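Structure assessment
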Amino acid sequence: MAISPTESADRVLVWFRRDLRVADHPALARALREARSVWCVFVLDPAILAGLPRDDRRVAFIHASLADLDAQIAVLSGGRARLIVRHAAAAEAIPDLAAELGVQAVHAHHDDDPAALARDARVRDRLAADGRALRTFKDHVIFERAEILTGAGTPYGVFTPYKNAWLKALHARPGLLADCGSDADGAALAAPPPGPWQDGAAVPAAEEFGFSAAPAGPPDDPGLRPGTRGGEALLHEFLDRIDDYDAVRDFPASPGPSHLGIHLRFGTLSLRRLVALALARIEGGSRGAQTWLSELIWRDFYHQVLFHHPHVVGHAYRADCDAIGWERGERADADFAAWCAGRTGYPLVDAGMRQLNATGYMHNRLRMVTASFLTKDLGVSWQRGEAYFALHLNDFELASNNGGWQWAASTGCDAQPWFRIFNPVTQSERFDPDGAFIRRWVPELARLQGKAIHAPWKARPAELAAARVALDIDYPLPIVDHDLAREKTLARFGSKGSGRPVV
Ligand SMILES: Cc1cc2nc3c(=O)[nH]c(=O)nc-3n(C[C@H](O)[C@H](O)[C@H](O)COP(=O)(O)OP(=O)(O)OC[C@H]3O[C@@H](n4cnc5c(N)ncnc54)[C@H](O)[C@@H]3O)c2cc1C
């Protein structure tokens with residue numbers, strides 16, 4: 001019989017997944033508090049790695065973050081313990097290792113992505129068959145699952161009341177953000193069994209599990225800064241400018257956002273700590289921190305949407321929107337390819353896509369602009385855009401990516417109204433007024449002056465000649481006319497002014 005959730009386990013295996021740090025780590029804290037022997041493992045699961053390019057930036061980030069985690073475990077244990085790394089299906093690797101080490105319990109943090117829930121159910125069953133327990137804890141969000149519900153006991157479908165309930169719940173439980181002290185005493189951390197990797201290394205070289213180094217970004221791109229150390233450096237820089245976040249966050253040429261998304265995705269920093277830091281700044285009157293906290297609450301919001309409505313993976317949140325007749329066929333494929341490559345002829349859209357392709361990051365304003373352009377100017381389904389972002393975004397997170405795409409496509413939970421269609425030129429004039437971001441990412445237009453940078457096809461021939469831009473040769477003509485596309489989208493979603501989209 002497996003031990004109960006409250007019973008103490010003497011030997012525990014801590015399974016790291018999207019929580020690659022030792023500080024403020026609830027699953028590790030509980031193990032170190034109660035067990036005499038504790039081991040730490042990370043599984044490189046071929047099922048997850050299979051669909052990724054061999055030089056995937058996220059894999060390189062994880063790889064370097066594992067080395068950082070291994071070093072943190074070594075320091076915490078006084079040099080005795082190391083991270084155990086396995087390259088195998090988690091559903092086998094975890095029960096096998098648990099048996100080899102003779103642990104009574106495996107500790108991990110909740111992961112509510114549908115595929116992760118299914119994997120954890122398999123691991124739990126196999127462990128239970130051997131009399132061992134899988135014990136999971138909340139870490140990745142502040143409030144999860146059914147912790148924030150409406151008065152009627154249903155999940156929230158609108159962000160603002162959810163946010164108000166979230167803030168109320170946090171004020172009622174201030175202790176929720178307290179550091180759980182997992183890095184205070186590592187006496188129970190035990191030496192690992194011999195690993196399978198060359199030279200006896202704890203963390204294998206990327207080549208040993210089939211990957212190579214990530215491609216270098218452009219010279220002015222700082223690249224990803226992995227591990228807790230990298231996250232701390234970014235956080236330190238961001239805290240110097242957090243007070244301005246509300247004023248500059250929408251302007252992609254400004255250093256507004258934190259770039260911490262990937263650190264939240266892989267848990268190299270503790271979300272609770274970030275929320276506590278934001279709250280402290282809010283107390284000091286920071287409007288920037290207040291806006292930033294709202295963004296972190298959006299993240300929790302989309303996680304609970306995914307948990308309560310797992311059909312959003314592949315389907316519209318609003319069932320009636322599954323019937324929308326998105327464009328298909330050769331023309332749609334060509335439009336999609338042009339969008340992916342940043343060659344739509346709309347400079348701000350192209351700048352955003354090129355930033356994504358070259359660095360794996362895309363500014364939030366441009367995620368909204370490019371997603372709106374794909375779905376509402378090109379009429380291509382949000383699922384195709386979602387899949388492209390999933391493959392390329394460093395901070396790809398199923399819940400937020402799905403939520404963001406369904407927001408932009410007006411098919412989602414508390415989404416953009418369907419008749420609100422971003423004008424890509426107006427967005428450009430508003431959020432990149434002097435064209436600095438466009439000039440950085442679409443260098444063939446860099447010499448264009450004034451408003452021409454936002455809509456080169458409207459420039460006078462003399463302006464184009466002076467800027468040495470030959471349209472349709474150096475830079476594409478627009479692949480779609482926005483005004484016509486707008487009419488088509490309004491028709492696609494339903495008769496103008498009616499509240500509900502129909503096909
Ligand atoms: C079409 C589309 C796709 C998106 N895909 C993702 C994704 O795969 N992963 C992802 O983390 N975010 C996604 N977002 C949300 C947002 O664009 C990114 O979180 C943000 O740009 C990341 O940059 P940052 O870390 O510098 O963010 P900051 O502006 O510094 O925000 C801090 C953190 O808050 C969270 N956050 C911010 N905005 C949102 C939001 N709208 N929804 C949910 N969480 C938010 C993120 O964790 C982010 O790292 C998407 C948005 C859209 C419109």
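Our subject is the structure listed above.
Residues numbered from 1 in each chain as written. Predicted model: local features only at pLDDT ≥ 70, side-chain atom pairs only at ≥ 80, totals over all residues. Heavy atoms only, no water.

1. Structural notes on the site of the ligand
Inspection of the region around the ligand gives 27 residues, with Tyr245, Ser258, His259, Tyr361 and Asn364 positioned closest. Tyr361 has a polar side-chain atom sitting 2.8 Å from an oxygen atom of the ligand. At a separation of 3.4 Å, an oxygen atom of the ligand approaches a polar side-chain atom of Arg367. The fraction of the free accessible surface of the ligand (810 Å²) that becomes covered by protein chains is 96%. (Near = heavy atom within 4 Å. Polar contact = N/O pair within 3.5 Å; in protein donor to acceptor, adjacent residues only side chain to side chain. Areas by Shrake-Rupley, 256 points an atom, 1.4 Å probe, with all protein chains shown as cover.)

2. Notes on the pairing of strand E4 (residues 105-109)
For E4, the buried fraction is high: five of the five residues fall into the buried class. Sheet topology places strand E1 (residues 11-16) next to E4; three bridges connect them, and they run parallel. Looking across to E4, one finds that Val12 is bridged to Ala105. Sheet analysis places E4 next to strand E5 (residues 133-137), joined by five bridges and oriented parallel. Of the residues in E5, the one forming a bridge with His107 is Arg135. Handedness of the crossover is the feature at issue here: the chain leaves E4, passes through helix H5 (residues 114-129), returns alongside E5, and the resulting connection is right-handed. (Buried < 20%, exposed > 50% of the residue type's maximum accessible area, 1.4 Å probe, protein only. Helix = DSSP H or I, 4+ residues; strand = E, 2+ residues; numbered from the N terminus. Pairing = 2+ DSSP bridges. Right-handed = clockwise from strand over helix to strand, strands pointing away.)

3. A few points about the sheet that holds strand E2 (residues 37-44)
If you trace the five strands from one edge of the open sheet to the other, you get E3-E2-E1-E4-E5, paired in parallel fashion. The strands lining the two open edges of the sheet, one partner per strand, are strand E3 (83-87) and E5. Between one strand and the next, the sheet's axes are offset by a mean angle of 30°, whatever the strand orientation. In the sheet, E1 pairs with E2 via six bridges, with the strands oriented parallel. Across the sheet, Phe16 pairs through a bridge with Phe42, a residue of E2. Sheet contacts for helix H1 (residues 26-34): E1, E2, E4 and E5; angle to E4, the most-contacted strand, approximately 150°. Each of E1, E2, E3 and E4 is contacted by helix H4 (residues 90-101), which is oriented at about 155° to E1, the strand it contacts most. (Axes fitted to C-alpha atoms, helices over the stretch in contact; angles between N-to-C directions. Contact = heavy atoms within 4.5 Å.)

4. Re the side chain of Ser270
One can find Ser270 in the loop between helix H9 (261-265) and helix H10 (271-283). Taking the relative accessible area as the measure of exposure, Ser270 reaches 5% and is therefore buried. A distance of 2.6 Å separates polar atoms of two side chains, one belonging to Ser270 and the other to Asp24. Engagement of the side chain of Ser270 in a polar contact is seen with the backbone nitrogen of Arg272, the distance being 3.3 Å. Not counting residues within four places of it along the chain, the set of residues in contact with Ser270 comprises Arg21 and Asp24.

5. A word on the pattern of salt bridges
Evaluated as defined, the whole model comprises 35 salt bridges. Between Arg82 and Asp70 there is a salt bridge, with the nearest N and O atoms lying 2.6 Å from each other. Taken together, the positions of Arg82 in the loop between helix H3 (57-76) and E3 and Asp70 in helix H3 put the pair twelve residues apart, joining distant regions of the chain. We classify Arg82 as partly exposed; its relative accessible area is 37%. With a relative accessible area of 6%, Asp70 lands in the buried category. The network of salt bridges with shared partners includes Arg18, Asp111, Arg299 and Glu397. (Salt bridge = Lys/Arg side-chain N within 4 Å of Asp/Glu carboxyl O.)

6. Details of the nonpolar core
If you look at the biggest cluster of nonpolar residues, it comprises 91 residues, and the most contacted ones within it are Ile142, Trp166, Val275, Trp292, Phe301, Trp339 and Phe389. At ten residues, helix H11 (residues 287-308) tops the list of elements feeding residues into this core. By size, the runner-up hydrophobic cluster in this structure holds 40 residues, among which are Phe16, Leu20, Leu69 and Leu189. (Core = buried A, V, L, I, M, F, W, Y, C linked by side-chain atoms within 4.5 Å.)

7. Regarding helix H7 (residues 227-241)
Because each turn of an α-helix spans 3.6 residues, side chains separated by three or four positions in sequence point in the same direction. For H7, which comprises 15 residues, the first-to-last C-alpha distance of 22 Å matches the rise-based estimate of 21 Å (1.5 Å per residue) to within 8%. Where H7 is concerned, the buried positions are Gly227, Thr228, Gly230, Gly231, Leu234, Leu235 and Phe238. End-on view of H7: buried residues confined to an arc of 155°, all on one side of the axis. Along H7, exposed side chains directed more than 90 degrees from the buried face belong to Arg229, His236 and Asp240. (Expected span 1.5 Å × (residues − 1). Arc of directions from axis to C-beta.)

8. Topic: the packing of aromatic side chains
Tallied over the entire structure, the rule returns 25 aromatic pairs. Look at Phe159 and Phe301: their rings are 5.6 Å apart centre to centre, the planes differ by 80°, and that puts the pair in the edge-to-face class. With Phe159 in helix H6 (residues 159-172) and Phe301 in helix H11, this pair connects stretches of sequence that are 142 residues apart. Each member of the pair, Phe159 as well as Phe301, is classed as buried. Aromatic side chains Trp418 and Phe419 sit 5.7 Å apart centroid to centroid with 75° between the ring planes, which places their arrangement in the edge-to-face category. Taking NZ or CZ as reference, Arg365 lies 4.0 Å from the ring centre of Phe431, over its face. Here Arg367 stacks its cationic end above the ring of Tyr361, 5.7 Å away from the centre of that ring. (Phe/Tyr/Trp six-rings, centres within 6.5 Å; stacked < 30°, edge-to-face > 60°. Lys NZ or Arg CZ within 6 Å of the ring centre and 35° of its normal.)

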